[in-house]
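Chain by chain, the residues:
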Amino acid sequence: MSQNVTLRGAHLGMLVWAILVGLSFPVVGLMSELPPLLLTALRFAIACAGLYLLARRSANFVPCRQSLLLYALMGTCLAGFFAAMFWAAHHATALSMATLYVTVPLLAFLLGRGLRVEAPGWRLPVILALGAVGALGLAVAEGWQQGGELSFGLGEAVFFAGCLSSALYPVLSRWGLAKEYLPESAAVRTFWSLGLGGALVGALGLATEPLRHLANMTALDLALLVYLGLCSSALTFWLMQRATAALTPGVVTAYGYLVPFVSMMLLFIRSPQQIGWVWLPGSLTVLLAMVLLMRHERPSPRLG
C-alpha cells in the first residue's frame, strides 16, 4: 500500500469522485449533438494536457517497456468501455444499461481475486451485492418513472463486455502497483492510461465518425468540453488511481453505486414533484452499503 494515501483519504477522494461523475451527466446533456468517440478523444486529450505539468515532475514519468505494455492494456480497457457504451446507447435501453453497470464492482472483485489483488472472504462480496441491489433499485425506479423496460439482446451483450473492460481497469492498476510495474505517482498513471486510451478511442472515431461534424462545436460546447476534460476526466481518473494505491478494485468501483444517487438528488432539485416512495428502498440500501464499505478497512493483499 502506498504510504502517501491513507484509507480515509482514499474513501474521501472517491466520494468526491462519485459527486463529480454524477454532475457530469447533466453537463453532457447541455452539449450539442457531436461525434461521441471523437468528443471523448478530445476530452481525454484535454485531461492529459492538464495532467502533464504534474505528471512530468515524477522521476518515473517516462515508462519502461513493461509499464508501457500495461498502460496500453489499461488504455484498451478505457477505449473498450467507451466504445461499447456509445454503440450500445443506440441498441439497448437506458434501463438495461444502468442495470448491467451495477455488476462492475462485483466483476472487479472477481477479476481481482483472479490476479490476487483482492483478499479472500465473504464480507466485501456481501457489501458489494447489497450496493448492487440498491443501485439496481434506483435504476428501476428511474426506468419506471420514464417508462423504460428491461431487455437483453446484442446491445446489452456489447455493453456488458464494456462493463468487463471497466472492471478490469482498476484491477490492472492495482496489480501493476503490487508488481512495481507502475510508479507511485497517480498523475503519471492517469496521464499514460488516459493518453493511450484516448488515442485508441480517437482512432476508432476517425474510422467510424465524420470528422467534419466537429466543426459544429459552439463556444459553449468547447467550454463544457474543457470542464469535462479537466474535472470529469483528469480529476476523476486521478482520484481513482490515487485510491487504487490504498483500496482494492472492488471497493474503488463500488463508489459507482453512489452515481445514480447523486443523479437522483439532482433530479429532485430540478423536479421536486418527482420525489416519491419508489426511490426510498434503493437509496437506503445504497447508503447502508456505502457505510459498511467505509468501515470495511481490511488491507488489500500484497503480491510477492
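Conventions used here
- Residues numbered from 1 in each chain as written.
- Predicted model: local features only at pLDDT ≥ 70, side-chain atom pairs only at ≥ 80, totals over all residues.
- Heavy atoms only, no water.
- Helix = DSSP H or I, 4+ residues; strand = E, 2+ residues; numbered from the N terminus.
- Rg over C-alpha atoms; globule rule 2.2 N^0.38 Å.
- Buried < 20%, exposed > 50% of the residue type's maximum accessible area, 1.4 Å probe, protein only.
- Core = buried A, V, L, I, M, F, W, Y, C linked by side-chain atoms within 4.5 Å.
- Contact = heavy atoms within 4.5 Å.
- Phe/Tyr/Trp six-rings, centres within 6.5 Å; stacked < 30°, edge-to-face > 60°.
- Expected span 1.5 Å × (residues − 1).
- Lys, Arg positive; Asp, Glu negative; His and termini not counted.
- Salt bridge = Lys/Arg side-chain N within 4 Å of Asp/Glu carboxyl O.
- Polar contact = N/O pair within 3.5 Å; in protein donor to acceptor, adjacent residues only side chain to side chain.
- Axes fitted to C-alpha atoms, helices over the stretch in contact; angles between N-to-C directions.
- Parallel < 35°, antiparallel > 145°, perpendicular 65-115°, else oblique.
- Left-handed = near helix turned anticlockwise from the far one by under 90°.
- Nonpolar A, V, L, I, M, F, W, Y, C, P; charged D, E, K, R; others polar.

(A) Highlighting the overall build of the protein chain. What the protein chain contains, in helices and strands, is twelve helices and zero strands. Counting from the amino terminus, helix and strand elements in the protein chain follow one another as α-α-α-α-α-α-α-α-α-α-α-α. Rg of the C-alpha trace for the protein chain: 19 Å, near the compact-globule value of 19 Å for 304 residues, within the 12% margin. The C-alpha extent of the protein chain, read off along each of the three principal axes, is 55 × 50 × 35 Å. With 304 residues in all, the protein chain has 51% of them scored as buried.

(B) Spotlight on the nonpolar core. Ranked by size, the top nonpolar core spans 74 residues in total, and within it W17, L194, Y257, W279 and L293 carry the most contacts. Here L194 is in contact with F44, A47, C48, L51, L78, S233, A234 and F237, once residues within four sequence places are set aside. Among the nonpolar cores identified, the runner-up in size contains seven residues, and M31, L34, L225 and L228 belong to it.

(C) Structural view of the packing of aromatic side chains. Tallied over the full model, the rule gives 14 aromatic pairs. Centroid distance F44 to F82: 5.4 Å. Interplanar angle 85 degrees. Geometry classified as edge-to-face. With F44 in helix α2 (residues 36-55) and F82 in helix α3 (residues 65-88), this residue pair connects regions lying 38 residues apart in the sequence. When its relative accessible area of 1% is taken as the criterion, F44 is described as buried. Measuring from ring centre to ring centre gives 6.4 Å for Y71 and W192, while their planes differ by 25 degrees; the resulting arrangement is stacked. Within this pair, whereas Y71 is found in helix α3, its partner W192 is found in helix α8 (residues 186-208), the two being separated by 121 residues in sequence. Put simply, the rings of F44, F81, F82, F86, Y101, F159, Y169 and F237 pair up and form one aromatic cluster.

(D) Focus on helix α11 (residues 258-270). Under the 1.5 Å per step criterion, the end-to-end length of α11 is 19 Å for 13 residues, consistent within 8% with the ideal 18 Å. Among the residues making up α11, those that are buried are L258, V259, F261, V262, M264, L266, L267 and F268.

(E) Structural detail: the side chain of T40. Mapped onto the elements, T40 comes out in helix α2. Among the residues examined, T40 registers a relative accessible area of 6% and is labelled buried. Excluding residues within four positions of it along the chain, T40 makes contact with F82, F86 and V201.

(F) Examining the environment of A186 more closely. Among the secondary structure elements, A186 is positioned in helix α8. Linking A186 and A245, residues 59 residues apart in sequence, is a C-alpha distance of 8.4 Å. For A186, the contacting residues outside a window of four places in its chain are W238, Q241 and R242.

(G) Summary view of unusual backbone geometry. Within the chain, R116 stands out as a residue other than glycine whose phi angle is a positive 60 degrees. Its place among the elements puts R116 in the loop between α5 (104-114) and α6 (123-146). Since its relative accessible area comes to 62%, R116 is described here as exposed. A positive phi angle, near 65 degrees, is found at E180, a position not held by glycine. Relative to the assigned elements, E180 resides in the loop between α7 (154-178) and α8. You can call E180 exposed: its relative accessible area is 70%.

(H) Molecular detail of the side chain of E209. Within the element layout of this structure, E209 appears in the loop between α8 and α9 (219-244). Comment: no salt bridge for buried E209; closest opposite-charge side chain is R212, at 11 Å. A polar side-chain atom of E209 sits 3.0 Å from the main-chain amide nitrogen of L38. Those residues in contact with E209, other than ones at most four positions away along the chain, are P35, P36, L37 and L38.

(I) Looking closely at the packing of helix α1 (residues 7-29) against α11. Their axes nearest at 8 Å, the elements α1 and α11 cross at an angle of 50 degrees. When the axes of α1 and α11 are compared, the pair comes out oblique. The way α1 lies across α11 gives a crossing that is right-handed. Two secondary-structure elements touch here, α1 through L15, W17, A18, I19, V21, G22, L23, F25 and P26 and α11 through L258, V259, V262, S263, L266 and R270. Grouping the constituent residues of the contact of α1 with α11 by class yields twelve nonpolar, two polar and one charged.

(J) Structural detail: the packing of α2 against α8. Interhelical geometry of α2 versus α8 gives an angle of 155 degrees and a closest axis separation of 8 Å. On the basis of their axis angle, the class for α2 and α8 is roughly antiparallel. Two packed elements cross with a definite hand, and for α2 against α8 that hand is left-handed. Here the residues of the contact of α2 with α8 are counted per class, giving 17 nonpolar, eight polar and no charged.

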